[in-house]
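Below, each chain spelled out in residue letters.
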Amino acid sequence: MPRLVPSLGALFVGILCLSAFTLPSRAGEFSAAQKSEIESIVHSYLLEHPEILREVATELEKKQQEEETDLHRRAIEKYKDALFNSPFNAVAGNPSGKVTLVEFFDYNCGYCKKALLDLNNLIKTEPDLRVVLADFPVLGPDSVEAARVAAAVRKQVSGAKFFEFHQKLLSSRGHVGKDQALAVAKDMGLDMARIQKDMTDASVHDGLAENIKLGDALGLSGTPAYVIGGEAIVGAVGYDELKSRIDSMARCGKTSC
């Protein structure tokens with residue numbers, strides 16, 4: 001017969017039972033010697049059964065994930081209009097698509113650069129997918145400047161044309177800032193004088209501030225991050241995982257059917 005390992009709950013039940021016979025009824029009345037004895041019992045038990053620590057760690061991770069999921073759900077519900085329909089952010093893919101995927105990105109994010117291929121493939125293989133591109137410049141002043149140029153570009157072009165700009169800038173080698181973003185815009189033949197002027201427009205500042213607020217509400221600390229339905233997905237999780245969520249949304253209105 002395999003050796004049975006008591007659970008963490010059993011450990012504390014045992015301690016409490018021992019306390020009922022040997023220790024005062026109120027914890028505040030424990031003497032220093034009694035407290036030391038309890039600590040010694042717990043310490044020895046954990047050394048004899050270290051697998052309990054793994055059990056505790058698993059439960060803690062599960063609890064944290066549940067809390068994070070609940071935070072995401074409540075934030076998405078509260079800010080769903082700004083998340084899915086902000087006039088500031090660009091829309092790629094099918095603008096009338098029944099399923100919307102929001103991507104928070106930074107033009108200097110290496111993982112965002114790798115995830116661009118996933119996004120491209122999703123747009124190609126999911127004709128009913130609407131993609132919202134939410135600038136979330138968290139990697140320094142240059143990222144903010146690149147996002148400001150991108151916002152000004154959006155005042156001239158939209159849809160597939162803006163997505164072309166987005167792909168070129170996100171695919172740029174090395175660090176990306178204002179100069180690199182302007183160079184991409186110039187290469188695409190856009191009105192550079194208008195871009196310089198539009199960068200200072202109050203709507204650019206307000207739009208970026210709104211995205212930062214949304215990211216903070218979702219508890220995002222980096223990029224890429226995605227929102228689909230009532231779920232937030234953090235990290236470059238890959239094409240297959242995103243496609244699975246998108247297909248589920250199309251099939252049953254939830255990210256998991």
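Residues numbered from 1 in each chain as written. Predicted model: local features only at pLDDT ≥ 70, side-chain atom pairs only at ≥ 80, totals over all residues. Heavy atoms only, no water.

## What to know about the state of the cysteines
Part 1 of the argument: Inspection of the entire model under this criterion finds one disulfide.
Part 2 of the argument: With a sulfur-sulfur separation of 2.0 Å, Cys-252 is cross-linked through a disulfide to Cys-257. Taking the torsion about the sulfur-sulfur bond, which here is approximately -100°, the covalent link between Cys-252 and Cys-257 counts as left-handed.
Part 3 of the argument: When its relative accessible area of 34% is taken as the criterion, Cys-252 is described as partly exposed. (Disulfide = S-S within 2.5 Å. Buried < 20%, exposed > 50% of the residue type's maximum accessible area, 1.4 Å probe, protein only.)

## A few points about the nonpolar core
Part 1 of the argument: The biggest cluster of nonpolar side chains holds 41 residues, and the ones touching the most others in it are Tyr-107, Leu-133, Val-153, Phe-162, Phe-165 and Ile-195.
Part 2 of the argument: Not counting the four nearest positions on each side in its chain, Leu-133 is found in contact with Asn-89, Ala-90, Ala-92, Glu-103, Phe-105, Leu-119, Phe-162, Phe-163 and His-166.
Part 3 of the argument: Counting residues in hydrophobic clusters, the runner-up holds 16 residues, among them Ile-76, Ala-82, Phe-84 and Phe-104. (Core = buried A, V, L, I, M, F, W, Y, C linked by side-chain atoms within 4.5 Å. Contact = heavy atoms within 4.5 Å.)

## With respect to the packing of aromatic side chains
Part 1 of the argument: Inspection of every chain in the model, using the stated rule, returns three aromatic pairs.
Part 2 of the argument: When the centroid spacing of 5.0 Å and the interplanar angle of 80° are considered together, the rings of Phe-105 and Tyr-107 count as edge-to-face.
Part 3 of the argument: Ring plane angle 35° and centroid distance 5.7 Å describe the contact between Phe-162 and Phe-165, whose orientation is recorded as tilted. Taken together, the residues Phe-162 and Phe-165, both in helix H7 (residues 159-170) and three residues apart, mark about one turn of the helix. Like Phe-165, Phe-162 is buried. (Phe/Tyr/Trp six-rings, centres within 6.5 Å; stacked < 30°, edge-to-face > 60°. Helix = DSSP H or I, 4+ residues; strand = E, 2+ residues; numbered from the N terminus.)

## Details of the confidence of the model for the protein chain
Part 1 of the argument: The predicted model of the protein chain has a mean per-residue pLDDT of 88, with 89% of residues at 70 or higher.
Part 2 of the argument: Confidence drops under pLDDT 50 across residues 1-25; counting only partners more than four residues distant or on other chains, this segment forms 24 contacts. (pLDDT = per-residue confidence, 0-100.)

## A closer look at the sheet that holds strand S4 (residues 225-228)
Part 1 of the argument: If you walk across this open sheet you meet the five strands as S1-S3-S2-S4-S5, and the pairing is mixed. Bordering the open sheet on either side are strand S1 (90-93) and strand S5 (231-234), each of which pairs with just one other strand. Pairwise comparison of adjacent strand axes, ignoring direction, gives a mean angle of 25° for this sheet.
Part 2 of the argument: Looking at chain direction, strand S2 (residues 99-105) and strand S3 (residues 129-135) are connected through seven bridges and run parallel. From the neighbouring strand, Val-102 faces S3, where its bridge partner is Val-132. (Pairing = 2+ DSSP bridges. Axes fitted to C-alpha atoms, helices over the stretch in contact; angles between N-to-C directions.)

## Some remarks on the environment of Phe-105
Part 1 of the argument: Tracing the sequence through the fold places Phe-105 in strand S2.
Part 2 of the argument: A C-alpha to C-alpha distance of 5.3 Å links Phe-105 and Phe-136, two positions 31 residues apart in sequence.
Part 3 of the argument: For Phe-105, the residues in contact, after removing those within four places along its chain, are Cys-112, Leu-133, Ala-134, Asp-135, Phe-136, Pro-137, His-166 and Thr-223.

## Some remarks on the pattern of salt bridges
Part 1 of the argument: Tallied over the entire structure, the rule returns 13 salt bridges.
Part 2 of the argument: Residues Glu-164 and Lys-161 are paired through a salt bridge, measuring 3.8 Å at the closest nitrogen-oxygen approach. Placement of the pair is Glu-164 and Lys-161 together in helix H7, with a separation of three residues, close to one helical turn.
Part 3 of the argument: For Lys-161, a relative accessible area of 37% translates into the label partly exposed.
Part 4 of the argument: Shared partners join several salt bridges into a network, and the residues in it are Lys-161, Glu-164, Lys-168 and Asp-187. (Salt bridge = Lys/Arg side-chain N within 4 Å of Asp/Glu carboxyl O.)

## Some points on helix H3 (residues 51-78)
Part 1 of the argument: Between the first and last C-alpha of H3 there are 41 Å, a value that for 28 residues agrees with the 40 Å anticipated at 1.5 Å per step.
Part 2 of the argument: All buried positions along H3 are accounted for by Ile-52, His-72, Ala-75 and Ile-76. (Expected span 1.5 Å × (residues − 1).)

## Comments concerning the pairing of S4
Part 1 of the argument: Burial of the side chains of S4 extends over both faces: Ala-225 and Val-227 are buried on one face and Tyr-226 and Ile-228 on the other.
Part 2 of the argument: In this structure, S2 lies alongside S4, joined through four bridges in antiparallel fashion. Looking at the pairing, Phe-104 lines up with Ala-225 of S4.
Part 3 of the argument: Linkage of S4 to S5, two consecutive antiparallel strands, is achieved through a turn of two residues, within which Gly-229 is found at a positive phi near 60°.

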